[in-house]
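Residue-level structural notes
The chain contents come next:
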Amino acid sequence: MESILIIEDNQDVSRMLSGYQPEAAFSGTDGLIKLREKSYDLVLLDLMLPYKSGDQVLRELRGFSDIPVIVISAKDMVGTKIDLLKLGADDYITKPFDLGEVEARVLS
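What counts and how
- Per-chain numbering applies: the sequence of each chain, read as written, is numbered from 1 onward.
- With pLDDT at 70 or above as the cut-off, local features in this predicted model cover only qualifying residues; side-chain atom pairs require 80 or more to be listed or tallied, and sums for whole chains, interfaces and linings still use all residues.
- Side-chain measures here rest on the full set of heavy atoms in the structure, leaving out hydrogens and waters.
- Secondary structure elements follow DSSP: runs of H or I of four or more residues count as helices, runs of E of two or more count as strands, with numbering from the N terminus.
- When a residue's accessible area, from a 1.4 Å probe over protein chains only, is under 20% of the maximum for its type it is buried; when over 50% it is exposed; and in between it is partly exposed.
- For two strands to pair, DSSP has to find at least two bridges joining them.

Here we take up unusual backbone geometry. Here the bond from K95 into P96 is cis, since omega is -5°, no more than 30 degrees from zero. Secondary-structure assignment places P96 in the loop between β5 (91–94) and α5 (99–107).

Let us now look at the pairing of strand β1 (residues 4–7). On β1, burial covers both faces: I4 and I6 on one face and L5 and I7 on the other are all buried. The pairing of β1 with strand β3 (residues 42–45) spans four bridges and is classified as parallel. Considered in β3, the bridge of L5 is made with V43. Summarising the sheet, β1 and strand β2 (residues 23–25) pair through three bridges and their orientation is parallel. Of the residues in β2, the one forming a bridge with I6 is A24.

This is how it looks when you write it as structure tokens:
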């Protein structure tokens, strides 16, 4: 992966995922601005974000891009996962997560 955008309001989580030299956005609104301004190879998207939730970001993003999106969220209800996958997420990882698992999914 050459260009990854992490949309995650928790800066510690964002730093943990920074081994790929990604860009970071700390709110849904900022994430959408970056996604409209630049092309990325992958988005790692949290759901519980300030200003615009991750599901709102995904819904808007799917209106103008088919970029792969991996949702990383503490929401672990099966129904939530199914809804996000139907909305257009490519994968869903539940927090807390193992960095090796995230790396395997990012590189696949």
